[in-house]
Amino acid sequence: MRRAGKRGSKSAGSRGPLTPAEIQTTAAWIAGQQLPSGEIPWHAGGKTDPWDLVHAAMGLAMAGRHVEAAAALRFLARTQNEDGSWPAEWRGELVSNATRETNHAAYVATGLWHLHCAKPDAELLAEMWPTIESAIDFVVRMQEPCGGISWALDPHGTPWRAPLLTGTSSIHGSLVCGVRIAERLGHDRPAWRQARVGVTRLVRYDLARFERDDMPEPQGRHSMDWYYPVLGGALRGRAGREHLLHPERTASFIEDGVGCRCVKDRPWYTVAESCELALALDAVGLTGKARQIVTWMREQRTEQGGYWTGTTHPDRIRWPEGEQTTWTAATVLLAHDALAGDTATRTFFRDLAGDDLGPVAEPARAPVVREVALPRPVLVDDADPAFDV
């Protein structure tokens with residue numbers, strides 16, 4: 001096992017975690033893994049899944065590689081299932097996991113809207129519209145009465161009815177992007193808007209619902225279950241800040257100077273989760289804390305511009321050994337864009353709240369017999385009051 005090296009120093013003159021030259025080096029590293037078909041696997045010779053392919057394309061778009069990003073999305077358009085979904089995983093021409101996940105299908109809309117924000121192209125939106133329409137319709141068909149989105153269809157077409165907290169939260173942002181794409185093309189999709197309202201109400205007002213599902217492992221074990229309700233846009237403002245600053249969750253997942261754990265009961269600290277957490281923190285005004293976390297990731301950077309997936313702590317051993325992925329590198333680029341960028345996509349994740357789609361009212365609740373006052377978490381000093389909405 002290879003031990004992590006010493007923390008690298010921040011380059012002089014950089015306004016944020018990366019210099020302009022470093023951004024281009026990382027984008028070139030991602031593009032170097034892309035296949036002639038447009039497909040972007042995890043790494044050369046590795047597996048591919050739709051969500052991480054889209055995420056890698058978003059990193060390329062942020063760095064100005066719009067042609068490569070569009071090629072990745074066109075690859076997905078050519079390989080979409082008839083029902084609007086994609087296989088969960090494949091290697092070359094061989095499907096290694098035929099499960100059809102809803103958050104995978106939805107995320108294509110996020111990637112396309114991100115690319116449109118980076119470089120407006122109505123013709124590409126129109127070209128990709130049949131793909132987006134089919135994908136979002138697949139997702140909406142999988143919505144449960146509670147508002148959550150069923151996780152997936154198994155290889156035999158049987159739905160896994162339980163909604164995942166991370167998946168449903170990610171889908172919120174994708175529904176926002178899907179509606180924006182539809183509106184830009186002059187299409188009215190009220191079912192998509194209503195699906196977004198259902199997801200928002202569940203994530204914003206009834207998170208405990210996700211604890212009552214029969215899942216293989218408890219929801220909340222992964223750090224994504226903690227920060228994705230904010231990152232996906234459903235939970236924002238003061239409520240979002242208090243959620244991210246919850247003392248127990250913070251203590252479970254964050255190690256000062258190291259980063260964010262992948263799961264709370266293992267010593268695995270990963271670059272992608274750390275940078276996604278930073279994006280969530282920035283989206284609710286905790287930009288100082290977000291910048292600090294992203295800066296910790298510098299020691300995971302390679303000379304070629306890629307990033308090790310993560311490290312263990314306190315052993316400081318690379319984990320998984322030798323792994324660098326395209327989506328990890330892309331997440332660093334997206335975090336830099338939000339924290340120090342000057343691009344048209346710098347507010348992309350903040351904008352996933354979908355305020356332009358209208359407010360979402362709290363659902364009516366049964367009378368509470370006895371109320372117990374709960375202590376309010378302490379807010380940190382760098383919280384921006386402009387985000388108290």
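We now turn to the structure provided with this report.

So, how was this worked out
Residues numbered from 1 in each chain as written. Predicted model: local features only at pLDDT ≥ 70, side-chain atom pairs only at ≥ 80, totals over all residues. Heavy atoms only, no water. Salt bridge = Lys/Arg side-chain N within 4 Å of Asp/Glu carboxyl O. Helix = DSSP H or I, 4+ residues; strand = E, 2+ residues; numbered from the N terminus. Buried < 20%, exposed > 50% of the residue type's maximum accessible area, 1.4 Å probe, protein only. Contact = heavy atoms within 4.5 Å. Polar contact = N/O pair within 3.5 Å; in protein donor to acceptor, adjacent residues only side chain to side chain. Pairing = 2+ DSSP bridges. Phe/Tyr/Trp six-rings, centres within 6.5 Å; stacked < 30°, edge-to-face > 60°. Lys NZ or Arg CZ within 6 Å of the ring centre and 35° of its normal. Axes fitted to C-alpha atoms, helices over the stretch in contact; angles between N-to-C directions. Parallel < 35°, antiparallel > 145°, perpendicular 65-115°, else oblique. Left-handed = near helix turned anticlockwise from the far one by under 90°. Nonpolar A, V, L, I, M, F, W, Y, C, P; charged D, E, K, R; others polar.

**Overview of the pattern of salt bridges**
Link 1 in the chain: Counted by the stated rule, this structure contains 13 salt bridges.
Link 2 in the chain: The salt bridge involving Asp 83 is made with Arg 100; its shortest N-O contact spans 2.7 Å. Placement of Asp 83 in the loop between α3 (66-79) and β1 (89-91) and of Arg 100 in strand β3 (residues 100-101) is noted, with a sequence separation of 17 residues between them.
Link 3 in the chain: Take Arg 100: its relative accessible area is 17%, and that puts it in the buried class.
Link 4 in the chain: With a closest N to O distance of 2.7 Å, Glu 299 and Arg 316 form a salt bridge. Taken together, the positions of Glu 299 in the loop between α12 (287-296) and β9 (310-312) and Arg 316 in the loop between β9 and α13 (326-340) put the pair 17 residues apart, joining distant regions of the chain.
Link 5 in the chain: Looking at Glu 299, the relative accessible area reads 7%, which means it is buried.

**Brief notes about the environment of Trp 86**
Link 1 in the chain: Within the secondary structure, Trp 86 is located in the loop between α3 and β1.
Link 2 in the chain: Considered as a pair, Trp 86 and Ala 105 are 19 residues apart in the sequence and their alpha carbons are 6.5 Å apart.
Link 3 in the chain: Once residues within four sequence positions are removed from consideration, Trp 86 is found in contact with Pro 50, Leu 76, Thr 79, Gln 80, Asn 81, Thr 99, Arg 100, Glu 101, Ala 105, Val 108, Thr 131 and Ala 135.
Link 4 in the chain: Here Leu 76 takes part through its backbone oxygen, which lies 2.9 Å from a polar atom of the side chain of Trp 86.

**Considering the sheet that holds strand β5 (residues 159-163)**
Link 1 in the chain: Spatially, the three strands line up as an open sheet ordered β3-β4-β5, and their pairing is antiparallel. Taken across any chain shown, the strands that pair with only one partner, and hence form the sheet edges, are β3 and β5.

**Remarks on the packing of aromatic side chains**
Link 1 in the chain: Taken as a whole and assessed by the stated rule, the structure comprises nine aromatic pairs.
Link 2 in the chain: On the numbers, 5.6 Å between centres and 15 degrees between planes, the contact of Trp 226 with Phe 253 is stacked. With Trp 226 in helix α8 (residues 223-231) and Phe 253 in helix α10 (residues 247-253), this pair connects stretches of sequence that are 27 residues apart.
Link 3 in the chain: The positively charged end of Lys 47 is found above the aromatic ring belonging to Trp 42, 4.2 Å away from the centroid.
Link 4 in the chain: The ring of Trp 192 is capped by Arg 189, whose NZ or CZ atom sits 6.0 Å from the centre of that ring.

**Some points on α8**
Link 1 in the chain: For α8, the tally of buried residues reaches eight of nine residues, placing the bulk of the element in the interior.
Link 2 in the chain: All of the buried residues in α8 are Ser 223, Asp 225, Trp 226, Tyr 227, Tyr 228, Pro 229, Val 230 and Leu 231.

**Details of the pairing of β5**
Looking down a regular strand, the side chains alternate between one sheet face and the other.
Link 1 in the chain: Pairing analysis gives three bridges linking strand β4 (residues 150-153) to β5, with the strands arranged antiparallel. Paired with Ala 152 across the strands is Trp 160, a residue of β5.
Link 2 in the chain: The hairpin formed by β4 and β5 contains five residues between the paired strands, and Gly 157 there has a positive phi angle of roughly 90 degrees.

**Description of the environment of Thr 287**
Link 1 in the chain: Checked against the element boundaries, Thr 287 lands in helix α12.
Link 2 in the chain: You can call Thr 287 buried: its relative accessible area is 19%.
Link 3 in the chain: Residues Thr 287 and Ala 338, spaced 51 residues apart in sequence, show a C-alpha to C-alpha distance of 9.2 Å.

**Notes on the packing of helix α4 (residues 102-118) against helix α5 (residues 122-141)**
Link 1 in the chain: Close contact between α4 and α5 brings their axes to 9 Å; oriented N to C, the two are set at 160 degrees. Put simply, α4 runs roughly antiparallel to α5. Crossing geometry of α4 relative to α5 is assigned as left-handed. Across from Thr 102, Ala 105, Ala 106, Val 108, Ala 109, Leu 112, Trp 113, Leu 115 and His 116 in α4, the residues of α5 making contact are Ala 122, Leu 124, Leu 125, Met 128, Ile 132, Ala 135, Ile 136, Phe 138 and Val 139.
Link 2 in the chain: Grouping the constituent residues of the contact of α4 with α5 by class yields 16 nonpolar, two polar and no charged.

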